[in-house]
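Breakdown of the fold
For reference, the chains in residue letters:
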There are 2 protein chains.
Amino acid sequence: MTATIVTIGDELLIGQVIDTNSAFIAQELGKIGVMVKRRMAVGDDKIEIIEALDEAKKLSELILITGGLGPTKDDITKQTLCEYFKSTLVMNEEIKLMVIDLFRKLNRPMPEINLKQAELPHNCIPIKNFYGTAPGMCFKQEGKMFFSMPGVPFEMKPMMVDSVIPVIKKEFKTPFIIHRTIHTQGLGESFLAEQIKDFEENFPANFKLAYLPHYSIVRLRITAIGENEIELKEKVDSLEKQITDRIGENVFGYDDTTLEKTIGEILKQQHKTISTAESCTGGLIAHKLVSVAGASDYFIGSMVCYSYDAKENNLGVKKNTLDTFGAVSEETVREMVQGALRNLKTDYAIAVSGIAGPGGGTPDKPVGTVWIAVGNNEKIIAKRFQFARTREIIMEYTAITALGMAWRFLNGKVLN
Amino acid sequence: MTATIVTIGDELLIGQVIDTNSAFIAQELGKIGVMVKRRMAVGDDKIEIIEALDEAKKLSELILITGGLGPTKDDITKQTLCEYFKSTLVMNEEIKLMVIDLFRKLNRPMPEINLKQAELPHNCIPIKNFYGTAPGMCFKQEGKMFFSMPGVPFEMKPMMVDSVIPVIKKEFKTPFIIHRTIHTQGLGESFLAEQIKDFEENFPANFKLAYLPHYSIVRLRITAIGENEIELKEKVDSLEKQITDRIGENVFGYDDTTLEKTIGEILKQQHKTISTAESCTGGLIAHKLVSVAGASDYFIGSMVCYSYDAKENNLGVKKNTLDTFGAVSEETVREMVQGALRNLKTDYAIAVSGIAGPGGGTPDKPVGTVWIAVGNNEKIIAKRFQFARTREIIMEYTAITALGMAWRFLNGKVLN
């Protein structure tokens, strides 16, 4: 069985918005063994949308649609679907109450226009939207299923995972699929590939290994498709173990974890606290740490010291150190760690200082030069890194690499 | 005239890669008045590719193709195009020299396989690739033009800008398209819509208005298509002015700006500095401010104080204030602003304290309750907000709303 994804919105056609929804939908479908046959993006135009739906219907049993469900005039997906499925709009009282309730929760007056969002084609199965005012819709026609979801990612994603996927699994017989993700940090995609080449070459036909790189993190995803659940699971377990034995140094977790979560779990076990002292990342590392629910158990705070004065006054970096070695130096990040440990009274601290660019580079410290230090009151480890590309990318590399160093330090692993 | 974009690659269908090429291509086409009619993504599959090309040919005069030009087995775009245009592959000596030269420059041995990349369909116009080994191709058929480019963004982008666009401009007469984006903050999509309803209803047929919401920011995009550039521009300018006059309170900029950039520009003009004191956002506001190149001119630092102790010790929030009113209170955020102004020695400061959830809510301060304050040594303004949804979303709303308040404060605008 295959699916076709239809994303709707002029902003996609003029390139003002990058379509991240399609990738998310494709990943979720992949998890239940549904292959995406084609992706299409069309504008907020009735004829265009109808043509795309006809297309999609020819290509696949499953059609997933996002976008064009807003309350404003430019959004016409609902009206078009209503026409396409020869339906009429009727007010759905349950959805209406949800819309009213959402505005009450936000404690904002509700414009009339939003009530219309509770009007739905009479022959669709409504899909509740717990994160916005536009409900999803499910239509059945000639054995095909159509799902229409909002284009706003934070509304679409939970709807896809919690409502659409379960319906698909119920309505269609999908093969048995096991996904296992091994999270690694600090080793490039091709180096990992080199190290586990022999496993990969001997992978069974119904097994797949995917490399999902994200900055200095690479997720290895094993996918197994088959009929016998127990057999598949045993094989996946043994492959996971073999791969972990080979590259264990770089493995920080499995499946739904993240580096931030892993660090949080270790700190909770150790009953220890952490803080950060950030220059070039401007608080990104701290923000990643607090993105984990319950971070207040171990995260105390951060000193974002962008200027020389702030490093001196708020982190106690010595003027002499800054003058002699510069803000981007081993000496400075070591003193930044000490300053964070002292001022924020934590067991561990992470410090970064670098040149994110585009300006500020020098021959001996070009743009992308970053010093990272992690430590406690006994020991501080500092390393120099050279990252590349844009300001944004350099900051992200810095933050993730710093968290990787912190994870190794917390684990008492040798850093090299 | 319209264009259809066809992106080729299995990685696009399993959601492993987010397609950023299409957005770039669409933007470049938009600049020369070529509207994108549809975008399609297909796998590395001959039949799929041919179906998509037939499709695209029906839809548009111009077909832009990316991906599947690599030297490895899985890339089949060139062979498929060769077959589609009833051609035969012949070695192109000029391209061959470029490929050899590239490897010499990289000072790497050249695998035989790469030489085959210089073989091109005899009836295509080769497009040189100065950043990789896969040349682009241009085919003409029945008055339609097909351009095939590599999928690697840093190879595709210069090829698109330097080679493909000039050819399109030479071969086709294109209409004029003007896009104008009005950036607003603090007013929901539907509230904006109600305020400018009358304009929208009287929009000329060749004009379009789109709403692009992002948390508490809504971008209004006017798109105009026509023959007379001056006329269009005048009309767009007057529409921009009318809309701005109506909702000016919420307009922080136009076209390629952001709230962070706008704040940075104001601070540079005023020769003033800013800092943040953050609790629930954990440094997100600071990170947004430093995401702007040159932020070091006005951003000094941030105190991320997650714990009570940190708020007391590092921001000087009075123990009595925390005990009496709690960390999420007007009194606390006001003292946090004062602490940041004092400790980081800045002209302005932003402070936030809230309950991001999922835990920590109480009946009078449910999850999503956030206090935001902005101020200087003369004046501090504090407001309570109630946000909803997930931890991540509450943090993002908090950060963007705080920046919105800061922008208004810097502008000396009345906050209400």
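Residues numbered from 1 in each chain as written. Chains lettered and ligands numbered in written order. Predicted model: local features only at pLDDT ≥ 70, side-chain atom pairs only at ≥ 80, totals over all residues. Heavy atoms only, no water.

**Focus: the overall build of chain A**
Summing up its helical and strand segments, chain A has 16 helices and 17 strands in all. Along the longest, intermediate and shortest principal axes, the C-alpha atoms of chain A span 75 × 60 × 45 Å. Here chain A, with 416 residues, has 59% of them falling under the buried criterion. Of the contacts made within chain A by residues no fewer than 6 positions apart, 67% connect residues no fewer than 24 positions apart. Put simply, chain A shows about 17300 Å² of open surface, and 53% of that area lies on carbon and sulfur atoms. In chain A, 49 side chains carry a positive charge and 53 a negative one; their mean positions are 2 Å apart. (Helix = DSSP H or I, 4+ residues; strand = E, 2+ residues; numbered from the N terminus. Buried < 20%, exposed > 50% of the residue type's maximum accessible area, 1.4 Å probe, protein only. Contact = heavy atoms within 4.5 Å. Areas by Shrake-Rupley, 256 points an atom, 1.4 Å probe, with all protein chains shown as cover. Lys, Arg positive; Asp, Glu negative; His and termini not counted. Charge placed at Lys NZ, Arg CZ, Asp CG, Glu CD.)

**Observations regarding the packing of helix H3 (residues 46-59) of chain A against helix H4 (residues 77-84) of chain A**
All names here are of chain A. Contact geometry of H3 with H4 gives a least axis separation of 10 Å together with a crossing angle of 55°. Our classification of the angle between H3 and H4 gives oblique. Note on packing geometry: the crossing formed by H3 with H4 is right-handed. Where H3 abuts H4, its residues Lys46, Ile49, Ile50, Leu53, Asp54 and Lys57 lie against Thr77, Thr80, Leu81, Glu83 and Tyr84. In terms of residue class, the contact of H3 with H4 is made up of five nonpolar, two polar and four charged. (Axes fitted to C-alpha atoms, helices over the stretch in contact; angles between N-to-C directions. Parallel < 35°, antiparallel > 145°, perpendicular 65-115°, else oblique. Left-handed = near helix turned anticlockwise from the far one by under 90°. Nonpolar A, V, L, I, M, F, W, Y, C, P; charged D, E, K, R; others polar.)

**Points about the pattern of salt bridges**
Per the stated rule, a full pass over the model turns up 44 salt bridges over all chains. B:Glu48 is the salt-bridge partner of A:Lys37, the closest N and O atoms lying 3.5 Å from each other. With A:Lys37 in strand S2 (residues 35-42) and B:Glu48 in helix H3 (residues 46-59), the pair connects residues from two separate chains. By relative accessible area, which is 8% here, B:Glu48 ends up buried. Among the ionic pairs, B:Lys58 bridges to B:Glu55, the shortest N-O distance being 3.9 Å. Residue B:Lys58 and its partner B:Glu55 are both found in helix H3; the two are separated by three residues, about one turn of the helix. Residue B:Lys58 is classed as exposed on the basis of its relative accessible area, which comes to 67%. For B:Glu55, a relative accessible area of 12% corresponds to the buried category. (Salt bridge = Lys/Arg side-chain N within 4 Å of Asp/Glu carboxyl O.)

**Overview of the confidence of the model for chain A**
Per-residue pLDDT for chain A has a mean of 94; in total, 99% of the residues score no lower than 70. Interface scoring of the predicted complex returns ipTM 0.83; its pTM is 0.84. (pLDDT = per-residue confidence, 0-100.)

**Details of a nonpolar patch on the surface**
Side chains of B:Phe130, B:Tyr131, B:Val152 and B:Phe154 sit close together on the surface and give an oily, nonpolar patch of about 460 Å² of accessible area. Residue placement: B:Phe130 occurs in the loop between strand S6 (125-127) and strand S7 (136-141). (Patch = residues over 30% accessible without salt bridge, like charges linked within 9 Å, V, L, I, M, F, W, Y side chains within 5 Å.)

**Some thoughts on the interface of chain B and chain A**
Chain B puts 80 residues into the contact, and the matching count from chain A is 81 residues. Carbon and sulfur atoms supply 57% of the area buried between chain B and chain A, which totals about 6200 Å² over both sides. Three residues, B:Arg38, B:Arg39 and B:Arg389, lead the burial of chain B against chain A; their summed loss comes to 11% of the area buried on that side. Joining chain B to chain A, the criterion identifies five salt bridges. Between A:Asp10 and B:Lys208 there is a salt bridge; the shortest N-O distance is 2.4 Å. (Buried area = accessible area lost by both parts, 1.4 Å probe.)

**A look at the domain arrangement of chain A**
How large an interface is tends to be reported as the accessible area lost when its parts come together. For chain A, the assigned domains are domain 1 (2-171), domain 2 (176-254) and domain 3 (259-411). Centre-to-centre separation of domain 1 of chain A and domain 3 of chain A, based on C-alpha positions: 42 Å. (Domains from an automatic or database assignment.)

**Concerning the nonpolar core**
Counting 85 residues, the largest nonpolar core has A:Phe299 and B:Phe299 as its most contacted members. Here this core takes 13 residues from helix H16 (residues 391-410) of chain B, the largest share from any one element. Excluding its chain neighbours within four sequence positions, the residues that come into contact with A:Phe299 are A:Ile274, A:Ser275, A:Thr276, A:Ala286, A:Leu289, A:Val290, B:Val304 and B:Tyr306. Formed by 50 residues, the second largest nonpolar core is a distinct cluster that contains A:Ile63, A:Ala134, B:Ile8 and B:Val42. (Core = buried A, V, L, I, M, F, W, Y, C linked by side-chain atoms within 4.5 Å.)

**What about the packing of helix H13 (residues 308-315) of chain A against helix H15 (residues 330-343) of chain A?**
Residues and elements named next belong to chain A. It is at 9 Å that the axes of H13 and H15 come closest, and there the two elements cross at 40°. One finds that H13 runs oblique with respect to H15. When H13 is examined against H15, the residues Lys311, Asn314 and Leu315 are found in contact with a partner set consisting of Thr332, Glu335, Met336, Gly339, Ala340, Arg342 and Asn343. Counted by class, the contact of H13 with H15 contains three nonpolar, four polar and three charged residues.

**Side note on the sheet that holds strand S16 (residues 369-375) of chain A**
Ordered by their spatial adjacency, ten strands build an open sheet running S17(A)-S16(A)-S15(A)-S13(A)-S14(A)-S14(B)-S13(B)-S15(B)-S16(B)-S17(B), and the pairing between neighbours is mixed. In this open sheet, the two edge strands, each paired with only one partner strand, are strand S17 (380-386) of chain A together with strand S17 (380-386) of chain B. Taken over all neighbouring pairs, the strand axes of this sheet differ in orientation by 10° on average, direction set aside. Inspection of the sheet shows strand S15 (residues 348-354) of chain B paired to strand S16 (residues 369-375) of chain B by six bridges, in the antiparallel sense. Looking across to S16(B), one finds that B:Ala349 is bridged to B:Gly375. Packing against the sheet, helix H16 (residues 391-410) of chain A makes contact with strand S15 (348-354), S16 and S17 of chain A, and its axis sits at approximately 25° to S16(A). (Pairing = 2+ DSSP bridges.)

**A few points about the sheet that holds strand S12 (residues 251-254) of chain B**
All names here are of chain B. One open sheet accounts for four strands, arranged S10-S11-S9-S12; its pairing is antiparallel. The open sheet has two edge strands with one neighbour each: strand S10 (207-214) and S12. Going from strand to strand, the sheet's axes swing by 20° on average, the running direction of each strand aside. Relative to strand S11 (residues 217-226), strand S9 (residues 176-185) runs antiparallel, the two sharing ten bridges. Bridge pairing in S11 links Thr184 to Val218. Of the strands in this sheet, S9, S10, S11 and S12 are in contact with helix H10 (residues 229-247), which crosses S9 at around 10°.

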